[in-house]
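# Chain and residue survey
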Amino acid sequence: MLDFRLESELEALRGRAAAVAAEGIAEHGVHTDSWINGYSKDFSRRLAAEGWIGMTWPVEHGGGGRSNIERIIMGEEMISAGAPIAASWFADRQMGPSLIKYGTPDQQAEYLPGMLSGETTWCIGMSEPDAGSDLASLKTSAIKEGDVYVVNGQKIWTSFAADADYIYLICRTTTEGPPHRGVSELIVPMDLPGIEVRPIKDMTTNQHFCEVFFTDVRVPVENLVGVEGAAFKQTMTQLEHERGGIDRLVSNKPLYEQAIAAADTSDPLVRQEIAKLETGYRLGRILVYREALKQAPAGFSAATKCFCTEHQQRVADFAASVLGLAALNQDQATRFIAYAPAYTIMGGTSNVMRNILGERVLGLPREPR
Ligand SMILES: Cc1cc2nc3c(=O)[nH]c(=O)nc-3n(C[C@H](O)[C@H](O)[C@H](O)COP(=O)(O)OP(=O)(O)OC[C@H]3O[C@@H](n4cnc5c(N)ncnc54)[C@H](O)[C@@H]3O)c2cc1C
C-alpha cells in the first residue's frame, strides 16, 4: 500500500499556512488568482516574517534552504484561499532564483535582501506587441554607450509594472546573428527617467498588467544579468520556474469551493463532473510534485502547465454551469469565470506548450520554419 499522507512537520506547515492565509483574507479579502491579482505589500512582509519568501533559496543567499515541497504546501494554502501574495510572488518564484544562478555577487547583495523582506516588487518584461510566443523576435533594444545601456522600445502585458520597483527586462543588445542570439537580461529600476507605464484594465476589471514604454532609458552596465547577448537560455530557465508550479493548479480553488456548495449533488451528471475535477486536482498535484522533486523529464513543465491550466478552465466551466444566472451577477464568481481564458495564455499558450512537449520531450519532428 502506498501511503500518500504527508509527514507531520509538513502537515504542521500546512496548518500554519492556512492560518496565516485566513488572516490575510480577513484583512485584504479573497482575490481571484491571488498570486497575480492579490497585491499587498503588507501581506508580503507578513510572509517574509514567516520565512516564506525565498524559503527554497540557498541559506548562503539569505533563503530558507527548505524543500520545494514545503514551498508548494505554503503556496497551495495561500492561493487556494485567495490570500494576496502577488507583491512578492514573481521575485520568489523567478527573479530571485535567476539572480542566484546568473547574477553577480554585487547584484545578489543589492537585490536579494529586498526580495526576501517583501519590500521590493519585481515585474517581468518579456512580451511585446509583436513578440509573445515567439520571444526571439523581441525588438526592445539596449545599446551600450560607455557605462550605460540605452534602452528603447515597448513591453506589454507586464503584470505589476505600475507598482513594481524593478523590471527584469529581456531586451536585444545586438541585431547581428540569429534572433535568439543577442538577447540579454537587464535589471531596470522603474523610477529611471524615460519609463512610462500605462495600466491596462481587463474585462474582469483587474488592472495588474500594463504597457511599458522605454525612451532613451539609461541603465548602468553593471545591471546586466549573466552574459551579454547569450541570455536566451537564461530566460528559458526562468520560464521553467514559471510553468510547473502549484499556482497553475489551484488559482481558482475559491470558485470551486463556491460551486461545490451550490451544486445539486443529487444529480448524477453533477456528481460525475465533481469526480472528474477531484481527479484532475489529484493528477495535477502529482505533476507539480514531480516537478518539485525533479522527477519530471527536462521540458516537462510545459505539459504540467498545460494540464493544470486546462483543469482550471474546466473548474470555471463547471462553476458557470452550476451557478447558472448567479454566475453573471456575483462579483467574485463572475470575475473568476471571466478570467479563465487567461490561464492558457499567460506563461506560454497551450499550443506552444504542446509544441515544446512534442519537440523537446517526445522528440517528434520539428515544424519546418
Ligand atoms: C494574465 C496575463 C498576465 C501576463 N503577464 C505577463 C508578464 O508579467 N510579463 C510578460 O512579459 N508577459 C505577460 N503576459 C503575456 C503572455 O506571456 C503572452 O500573452 C503569451 O506568451 C502569448 O503571447 P501573445 O499574447 O503575443 O500571443 P501570440 O504569440 O501572438 O499567439 C496568438 C495565438 O497563436 C498561437 N501560436 C503562436 N505561435 C504558435 C506556434 N508556434 N504554434 C502553434 N500556435 C501558435 C498561440 O497559441 C495563440 O493562440 C501575460 C499574459 C496574460 C494573459
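Residues numbered from 1 in each chain as written. Predicted model: local features only at pLDDT ≥ 70, side-chain atom pairs only at ≥ 80, totals over all residues.

### Some thoughts on the packing of helix α5 (residues 86–102) against helix α6 (residues 105–116)
The contact between α5 and α6 brings their axes to 10 Å, and the two run at 160 degrees. With respect to α6, the element α5 is oriented roughly antiparallel. Classified by chirality, the crossing of α6 by α5 is left-handed. In contact with Ser88, Ala91, Met95, Gly96, Leu99 and Ile100 of α5, α6 contributes Gln107, Gln108, Tyr111, Leu112 and Met115. (Axes fitted to C-alpha atoms, helices over the stretch in contact; angles between N-to-C directions. Helix = DSSP H or I, 4+ residues; strand = E, 2+ residues; numbered from the N terminus. Parallel < 35°, antiparallel > 145°, perpendicular 65-115°, else oblique. Left-handed = near helix turned anticlockwise from the far one by under 90°. Contact = placed C-beta atoms within 7 Å.)

### A short note on the pairing of strand β4 (residues 166–172)
A large share of β4 lies buried, amounting to seven of its seven residues. Burial along β4 is two-sided: the face carrying Tyr166, Tyr168, Ile170 and Arg172 and the face carrying Ile167, Leu169 and Cys171 are both buried. Direction of pairing for strand β1 (residues 122–125) relative to β4: parallel, over a ladder of four bridges. The partner of Gly125 across the bridge, within β4, is Leu169. The pairing of β4 with strand β5 (residues 183–189) spans seven bridges and is antiparallel. Looking at β5, one finds that Tyr168 is bridged to Ile187. (Buried ≥ 20, exposed ≤ 12 C-beta atoms within 10 Å, placed from the backbone. Pairing = 2+ DSSP bridges.)

### Some remarks on the site of the ligand
The ligand sits among 19 residues. The nearest are Met126, Gly132, Ser133, Thr349 and Asn351. Put simply, the parts of the chain that give the shell around the ligand at least two residues each are β1, β3 (148–159) and α13 (350–361). Grouping the constituent residues of the shell around the ligand by class yields nine nonpolar, ten polar and no charged. Counting the residues that make up the shell around the ligand, at least three belong to each of domain 2 (123–229) and domain 3 (244–361). (Near = placed C-beta within 6 Å. Nonpolar A, V, L, I, M, F, W, Y, C, P; charged D, E, K, R; others polar. Domains from an automatic or database assignment.)

### A closer look at the domain arrangement of the chain
Split into domains, the chain comes out as domain 1 (8–120), domain 2 (123–229) and domain 3 (244–361). With 14 residues of domain 1 at the contact, the number on the domain 3 side is 15 residues. It is helix α4 (residues 68–81) that contributes the most residues to the side of domain 1 that touches domain 3, eight residues altogether. For the side of domain 1 that touches domain 3, the per-class residue count stands at six nonpolar, five polar and three charged.

### Digging into the nonpolar core
With 70 residues, the main nonpolar core has Ile167, Leu186 and Val188 as its most contacted residues. No other element matches α5, which puts seven residues into this core. Dropping the residues within four chain positions of it, Leu186 is found in contact with Ala142, Tyr149, Leu169, Cys171, Val219, Asn223, Leu224 and Val225. Among the nonpolar cores identified, the runner-up in size contains 18 residues, and Tyr256, Val322, Ala342 and Tyr343 belong to it. (Core = buried A, V, L, I, M, F, W, Y, C linked by C-beta atoms within 7 Å.)

### Some thoughts on unusual backbone geometry
Notably, Phe160 is not glycine yet its phi reads approximately 70 degrees, a positive angle. Relative to the helices and strands, Phe160 is located in the loop between β3 and β4. Notably, Asp216 is not glycine yet its phi reads approximately 50 degrees, a positive angle. Along the chain, Asp216 turns up in strand β7 (residues 209–220). Under the C-beta neighbour-count criterion, Asp216 is labelled exposed, with 9 such atoms within 10 Å.

### Topic: the environment of Val150
The residue Val150 is located in strand β3 in this model. Each C-alpha atom, one on Val150 and one on Phe214, is 9.3 Å from the other, the two residues being 64 residues apart in sequence. Among all residues touching Val150, those that are not within four sequence positions of it are Ile143, Glu145, Asp216 and Arg218.

### Examining the environment of Ile167
Residue placement: Ile167 occurs in strand β4. Taking the C-alpha atoms as reference, Ile167 lies 15 Å from Thr215; in sequence the two are 48 residues apart.

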